[in-house]
Amino acid sequence: MDINEKVIIVTGGASGIGRAMCRRFAELGAKVIVSDVDGGGAEAVAKETSGRWLRADVAVEADVRALTQFAVSTFGQVDIFCSNAGISVDGGEQASDADWKRIMDINVMAHIYASRAVLPSMLKRGEGYLLNTVSAAGLLSQIGSAPYSVTKHAALAFAEWLSITYGGQGIRVSALCPQGVRTNMLKEAERGAGAFLLEGALEPEDVAKMVEQGIRDERFLILPHPEVAEYFRRKANDYDRWIRGMRRLQAKVAGVE
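Residues numbered from 1 in each chain as written. Predicted model: local features only at pLDDT ≥ 70, side-chain atom pairs only at ≥ 80, totals over all residues. Heavy atoms only, no water.

Chemist: Would you mind showing me how to read the pairing of strand E5 (residues 128-133) here?
Modeler: Consecutive side chains along a regular strand alternate between the two faces of the sheet. Taken across its six residues, E5 has six buried, putting it largely inside the fold. The pairing of strand E4 (residues 80-83) with E5 spans four bridges and is parallel. Bridging across to E5, Ile80 finds its partner in Tyr129. For the crossover from E4 across helix H4 (residues 97-125) to E5, the handedness is right-handed. Where E5 meets strand E6 (residues 171-176), six bridges bridge the pair, whose relative direction is parallel. From the neighbouring strand, Leu130 faces E6, where its bridge partner is Val173. (Buried < 20%, exposed > 50% of the residue type's maximum accessible area, 1.4 Å probe, protein only. Helix = DSSP H or I, 4+ residues; strand = E, 2+ residues; numbered from the N terminus. Pairing = 2+ DSSP bridges. Right-handed = clockwise from strand over helix to strand, strands pointing away.)

Chemist: Got a minute to help me understand the sheet that holds strand E3 (residues 52-55) in this structure?
Modeler: Paired through their backbone hydrogen bonds, the strands of a sheet run either parallel or antiparallel. Read from one edge to the other, the open sheet built from seven strands follows the order E3-E2-E1-E4-E5-E6-E7, with strand pairing classed as parallel. The sheet is open, and its two edges are formed by E3 and strand E7 (221-222), each paired on a single side. Across three bridges, strand E1 (residues 7-11) lies against E4 in parallel orientation. Residue pairing in the sheet places Val10 in a bridge with Cys82 of E4. Lying on the sheet, H4 is in contact with E4, E5 and E6; it crosses E5 at an angle near 170 degrees. Contacts from helix H6 (residues 146-166) reach E5, E6 and E7 within the one sheet, and its direction differs from that of E6 by about 160 degrees. (Contact = heavy atoms within 4.5 Å. Axes fitted to C-alpha atoms, helices over the stretch in contact; angles between N-to-C directions.)

Below, the structure written as structure tokens:
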């Protein structure tokens, strides 16, 4: 899909990968709607990119619908919805119910809400694009965070289902699955189990360029870190061996080696 002149919503657009995507899309001639719970940040990015902005909490379906309606009333339709907002929560099975619900709402339900909001009109037109920011954790796993790993697996599964179900009706779907990216989330991870992601971390601007190419190519998996594809192959080829390798990484991160 060509990005020029397309109407693109980007959630989580006030910082990190979202902000970089807004900038890149604007450079390519897109009409960008920037959304974030940080309204001031979204407004700043919109001014920078000559776009529009609306504060929205993607964990609230009414906000996602209002965001979509705002885009339609402003530009006539939504061509590409980048469901990019996400959070991380440390911990395992003992993480609080509140944390599990919050991360599920933002990392999984937000993609569902976006699809509910835009798919009817996209299907009627016979074209549209859903880009869901997932994570390499959706293909692999995440040391130190069961909630993040579980929700990213679920997010990938939903993206797969969307592509299988609607791909024959003109709907294109991509799952963006990076490893470490130099964002606020990675800065928080530096203080915990995610510090190992610093090695090989990319700048958000580099990821945005890869997103652009992935959309042009209409690829389902967008892998800014190509080594993730090899890790995924190893996992599929010998699951038990891969689990043993991840246990070694867990021990290294925990400092028990």
